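As a plain string of letters, each chain reads:
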Amino acid sequence: MTIRLATIEDMEGVKALLRKYHRDTISDEDRPDGFVTTAITDEQPTELIEKEKGVTIIAEPAEDGPDKVLGFCFAAPWEFWEAWPLFRHMIDIIPDYEFEGKKITLSDTYQYGPMCVDRSIRGTGAFEDLFFASLEQFRDRFLLMLTFVNQINKRSENAHNNKAHMETIGTFDFGDNHYFLMGIRTDAADIYRRHNG
């Protein structure tokens, strides 16, 4: 398996994995282990790949045809996310928070997620490898990566706290849901790479 930036040739594999684990289409068998909730159109991953270089994948090379996508991670500046009401709300409230004693600014931060890893490779370190590979892609552009986790999604909260070593910055509400706002310095990718080869 390889971890790399996605190309347009990977689009169908990314969309297939998204369908497999999206809240609206996930199987009853897979649902207890977590699911993706962000609604993504066919055009949005294309923009992320071509314009932002914002889709990092775990791929299993194929002898003929496209590689099999076993994991993906989306990340982009806030401008990309403005189409979603939840992200617009985050854009409004982020300047109210601090990280390491300093006010958070939109210009120094970007948003990561959704992220998805196929069930077949969970527990192998794939989550951590994919997370930090994505983080490294934005290290030279931003100081801080932010994301949100629904407070009822304990699996995701545990993964982001204990595997990704993200810090819980605060909480916020949107609609009927309660979220953790989480962050990590982008230079944490350097530390992870040194410790994990």
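Predicted, not measured: the structure shown is a model, and the values here were computed from it.

Under the counting rule described, the total for this entry stands at 15 aromatic pairs. Arranged with centres 5.7 Å apart and planes meeting at 45°, the rings of Phe80 and Trp84 form a pair that is tilted. The class of Trp84 is buried, set by a relative accessible area of 11%. Following the ring pairs from residue to residue traces out a cluster consisting of Phe80, Trp81, Trp84, Phe87, Phe148, Phe172 and Tyr179.

On to the sheet that holds strand β9 (residues 177-185), then. With respect to topology, 7 strands assemble into an open sheet ordered β1-β2-β3-β6-β7-β9-β8, the strand pairing being mixed. Looking at which strands have only one partner, the edges of the open sheet turn out to be β1 (2-5) and β8 (167-174). Mean inter-strand twist for the sheet, computed between neighbouring axes without regard to direction, equals 30°. Relative to strand β7 (residues 144-150), strand β6 (residues 109-117) runs parallel, the two being bridged by 3 bridges. Counted as the bridge partner of Tyr110 is Met145 from β7. Where helix α4 (residues 85-93) meets the sheet, its contacts fall on β6, β7, β8 and β9, and the angle it forms with β8 comes to roughly 120°. Of the strands in this sheet, β1, β2 (55-60), β3 (68-76), β6, β7 and β9 are in contact with helix α5 (residues 126-137), which crosses β6 at around 150°.

On to the pairing of β2, then. Counting buried residues in β2 gives 5 out of 6 residues, a clear majority hidden from the surface. Here 4 bridges tie β1 to β2, and the two strands are oriented antiparallel to one another. Across the sheet, residue Leu5 finds its bridge partner in β2, namely Thr56.

Procedures and definitions
- Residues numbered from 1 in each chain as written.
- Predicted model: local features only at pLDDT ≥ 70, side-chain atom pairs only at ≥ 80, totals over all residues.
- Heavy atoms only, no water.
- Phe/Tyr/Trp six-rings, centres within 6.5 Å; stacked < 30°, edge-to-face > 60°.
- Buried < 20%, exposed > 50% of the residue type's maximum accessible area, 1.4 Å probe, protein only.
- Pairing = 2+ DSSP bridges.
- Helix = DSSP H or I, 4+ residues; strand = E, 2+ residues; numbered from the N terminus.
- Axes fitted to C-alpha atoms, helices over the stretch in contact; angles between N-to-C directions.
- Contact = heavy atoms within 4.5 Å.

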